[in-house]
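One-letter residues, chain by chain:
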Amino acid sequence: MWWDERVSARFRRNLQPTLTYWSVFFSFGLCIAFLGPTLLDLRCQTQSSLSQITWVFFSQQFCLLLGSCLGGVFKRTLAQSLLALFASSLAISLVFAIIPLCHNVVVLAVVMAVAGLAMGCIDTISNMQLVKIYQKDSAIFLQALHFFVGFGALLSPLIADPFLSDTNCILANGTANASSNLPHIRKSLVPHHPGNLSHYDLPMKGMVVTRVSYAFWIMALINLPVPIAVFFLLYKERMVPCFNGSSHPLLSADELALETRPGDKDELSTAGPRPHAAAGHEDLFSCCQSKNFRGASFTYFAVHITGALVLFMTDGIVGEYSGFVYSYAVEEPLSVVHKVAGYLPSLFWGFITLGRLISIPVSYRMKPATMVFINVVGVLITFLLLLIFSSSVVFLFVGTASLGLFLSSTFPSMLAYTEDILQYKGCATTVLVTGAGIGEMVLQLLVGSIIHDRGSYSFLVCGMIFGCLAFTFYALLVFFHRMYPKPSPEPDEESSPAKAAAPEEPGQYQR
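Please read these numbers as outputs of a predicted model, since none were measured by experiment. (Residues numbered from 1 in each chain as written. Predicted model: local features only at pLDDT ≥ 70, side-chain atom pairs only at ≥ 80, totals over all residues. Heavy atoms only, no water.)

Digging into the packing of helix H16 (residues 298-330) against helix H18 (residues 343-365)
Reasoning step 1: With their axes 8 Å apart at the nearest point, H16 and H18 run at an angle of 150° to one another. As summarised for this structure, H16 and H18 are arranged roughly antiparallel, according to the angle between their axes. Residues Val-318, Tyr-321, Ser-322, Val-325, Tyr-326 and Ala-329 of H16 pack against Leu-344, Pro-345, Phe-348, Trp-349 and Ile-352 of H18.
Reasoning step 2: The class makeup of the residues in the contact of H16 with H18 is ten nonpolar, one polar and no charged. (Axes fitted to C-alpha atoms, helices over the stretch in contact; angles between N-to-C directions. Helix = DSSP H or I, 4+ residues; strand = E, 2+ residues; numbered from the N terminus. Parallel < 35°, antiparallel > 145°, perpendicular 65-115°, else oblique. Contact = heavy atoms within 4.5 Å. Nonpolar A, V, L, I, M, F, W, Y, C, P; charged D, E, K, R; others polar.)

This is the structure in structure tokens:
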């Protein structure tokens, strides 16, 4: 195997929980990408206007951000985390099943808000639990985790495509012109951002003809094994409530590091709390409590903030590029035909998924800090070349693929790097997930308004600016990493050569 026996042994020991977290992230990906392609059919189903139906985007994205902030609430015990994941993954299946029954746009927005909350909890908890299990070896498993979200995001539009309406799905008089614009409107809605669609006039009354319900029911069935897998993990750990299984608090990072030292286990119960250990992996609101700031250095906060700002920019680039590359391509000077331009968002997400697959073995040989450096520099160079060759359609496709590759592994690499700096004692997972979610939502809105006021060329200029800022914040993170105090060796390690020479082996699944 291309990884060493120690990591392989830890993976085998934690096989079921690891596969479960990966499958739950597949649910996240399945739910995040279906809304754009299906929104026009959902507009027909709810007989609403384009401006009304696009509020469904906002309800999902806002509640996803809220769920990410609140996800850390369920960190105190493994039972809480798994029950939250079970409820979230089951909620996603139920959302897919219920969407065809929503004939009112407000009801649909509420259902999508529930889906957003479930997705946010999945995002925070899955990343957090993998970091708790693997710690310094978590980079490779985080890369695999984010491959599954890319795979789900690639699969759901493919499932929906055969069931989408080729013409306007509300039959009324005078719809010919609107029907001819339908492919352009649909591509403008892929995958997250509604764009500026107020100038399109589609009928709101008439006979509804759509088969999109079948797509949602298929996705509900595909997702159903995921909550079943989480339930089996709960059952194996004797945490199903009807079995009255007791759950124990998750061990802190320091305790995990000590669990293989027999002589230290007895001391664990009498030892006092360590600095920042209580603040590890909190929800966002608990992280902001003043008690967690006592004795913390300036660099402790700086690492959290700069790490979150890097992901604010890079995830924001993912959101704004995937949301507006189609609109940019069909406008002058490129004037790409609608059908060809429609491949650009799919190409972008396809190479994000491919990049995450490639990053799984690469992350074992390369440090997370190096991977993040390559990512942000690659993004910067790609946007620079896109600006230089802005009149080339061929390079737009090449640049889109390149950008997808460089952005693909940024989030898991940054998470592994930041957690490693903080020795798994800060709030990095929650803060970074929240920062990424805010960036994806805010930068889409910002770029959308700038394109509307300044024209399509500003799309690439904004990307270049965001890339420069991401590189700047990464450089600051490296600077603060060098200033951050390194952990001092334990007294018993210094006095015992045998213990000092023993390899660190934290890795069993903890309750």
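A look at the side chain of Thr-306
Reasoning step 1: By the secondary structure assignment, Thr-306 is in helix H16.
Reasoning step 2: Within the local environment of Thr-306, its side chain forms a polar contact with the backbone oxygen of Ala-302, the two atoms lying 2.6 Å apart. (Polar contact = N/O pair within 3.5 Å; in protein donor to acceptor, adjacent residues only side chain to side chain.)

Things to note about the pattern of salt bridges
Reasoning step 1: In this structure the tally under the stated criterion is four salt bridges.
Reasoning step 2: Ionic pairing is found between Asp-420 and Lys-136, a salt bridge with its closest N-O pair at 2.9 Å. In this pair, Asp-420 sits in helix H21 (residues 410-421) while Lys-136 sits in the loop between helix H7 (105-134) and helix H8 (138-160), placing the two residues 284 residues apart along the sequence.
Reasoning step 3: For Asp-420, a relative accessible area of 35% gives the class partly exposed.
Reasoning step 4: Residues joined in a network through salt bridges with shared partners are Arg-6, Arg-10 and Asp-137. (Salt bridge = Lys/Arg side-chain N within 4 Å of Asp/Glu carboxyl O. Buried < 20%, exposed > 50% of the residue type's maximum accessible area, 1.4 Å probe, protein only.)

Observations regarding the confidence of the model for the chain
Reasoning step 1: Mean pLDDT for the chain: 78, with 74% of residues reaching 70 or above.
Reasoning step 2: Below pLDDT 50 for its whole length, residues 245-281 participates in 74 contacts with residues either more than four positions away or in separate chains.
Reasoning step 3: A low-confidence stretch, residues 490-511 stays under pLDDT 50, and its non-local contacts, those more than four residues away or across chains, total 49 contacts. (pLDDT = per-residue confidence, 0-100.)

Quick word on unusual backbone geometry
Reasoning step 1: Residue Pro-333 follows Glu-332 across a cis peptide bond; omega there is 10°.
Reasoning step 2: Within the element layout of this structure, Pro-333 appears in the loop between H16 and helix H17 (338-341).
Reasoning step 3: The residue Gln-47 is not glycine, and still its phi comes out positive at about 50°.
Reasoning step 4: Mapped onto the elements of the fold, Gln-47 is located in the loop between helix H3 (35-46) and helix H4 (50-53).

Overview of the packing of helix H2 (residues 15-32) against helix H11 (residues 212-223)
Reasoning step 1: Relative orientation of the contacting elements H2 and H11 amounts to 170°, with a least axis distance of 11 Å. Here H11 runs roughly antiparallel to H2, going by the angle between their axes. Residue-level contacts link Phe-26, Ser-27 and Leu-30 of H2 to Met-219, Ile-222 and Asn-223 of H11.
Reasoning step 2: For the contact of H2 with H11, the per-class residue count stands at four nonpolar, two polar and no charged.

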